[in-house]
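What follows is the residue order along each chain.
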Amino acid sequence: DAGVTQSPTHLIKTRGQQVTLRCSPISGHKSVSWYQQVLGQGPQFIFQYYEKEERGRGNFPDRFSARQFPNYSSELNVNALLLGDSALYLCASSYDTNTEAFFGQGTRLTVV
Amino acid sequence: RKEVEQDPGPFNVPEGATVAFNCTYSNSASQSFFWYRQDCRKEPKLLMSVYSSGNEDGRFTAQLNRASQYISLLIRDSKLSDSATYLCVVKSGGSYIPTFGRGTSLIVHP
């Protein structure tokens, strides 16, 4: 069975640009969450979606947005990139909002 | 006080040793608890959920102490392959938004 897949795996962007990251959950999972992880820290929660509705939002600026599609895949968009947005962006899927979550391999974003 | 706190370590132990990590949480309404393992530059992988009565999976034992608001992870007979960062996760309240600790680094040496 395919696990959580994320694309792209690596990305280099310039300050001020916009980026879209993609995530496909495990088959049968209806919830997708997004996290940002900087070196030396645990993942920080950004968004959670369940059945295409936003169920949770972390303490991130409005430059960060996301959506979930009818097939439960998801996109994370970040506008007006800052150097501080450089991080590993992780997507996790779960059957619902309170069951165990399984992570994709992440997208490593570098903003220069 | 941070919502979820972990000693970052590193914990440096010989093969075969027993090692324990604690993770404290500040929200007494926390409902769900998990331990994840993360290898260098890889994604976190679920190690085990933590149940109120405590639970064991092979060499790993997880416990929850609601009165003192902490969870623990005990690793017996450490292997070289146990070297990783161990992240605790706490979910609180009706929103069940997960909060990760910063992780505890474990290094098992020959």
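Scroll up for the structure.
Residues numbered from 1 in each chain as written. Chains lettered and ligands numbered in written order. Predicted model: local features only at pLDDT ≥ 70, side-chain atom pairs only at ≥ 80, totals over all residues. Heavy atoms only, no water.

Notes on the overall build of chain A
Within chain A, the secondary structure is distributed over 0 helices and 11 strands. For chain A, the α and β elements follow one another from N to C terminus as β-β-β-β-β-β-β-β-β-β-β. Expected size for 112 residues packed as a compact globule is a radius of gyration near 13 Å; at 13 Å, chain A falls within 12% of this value. Taking the principal axes of the C-alpha coordinates as reference, chain A spans close to 40 × 25 × 25 Å. Looking at chain A residue by residue over its 112 residues, the buried ones come to 50%. (Helix = DSSP H or I, 4+ residues; strand = E, 2+ residues; numbered from the N terminus. Rg over C-alpha atoms; globule rule 2.2 N^0.38 Å. Buried < 20%, exposed > 50% of the residue type's maximum accessible area, 1.4 Å probe, protein only.)

Brief notes about the sheet that holds strand β3 (residues 19-25) of chain B
Residues and elements named next belong to chain B. Strand order in the open sheet formed by 5 strands is β1-β3-β8-β7-β6, and the pairing between neighbours is antiparallel. Each end of this open sheet is capped by a strand with a single partner; those strands are β1 (4-6) and β6 (55-57). Strand after strand, the sheet turns through a mean of 20 degrees between neighbouring axes, direction not considered. In this sheet, β3 lies alongside β1 in antiparallel orientation, the contact comprising 3 bridges. Bridge pairing links Val4 to Tyr25 in β3. (Pairing = 2+ DSSP bridges. Axes fitted to C-alpha atoms, helices over the stretch in contact; angles between N-to-C directions.)

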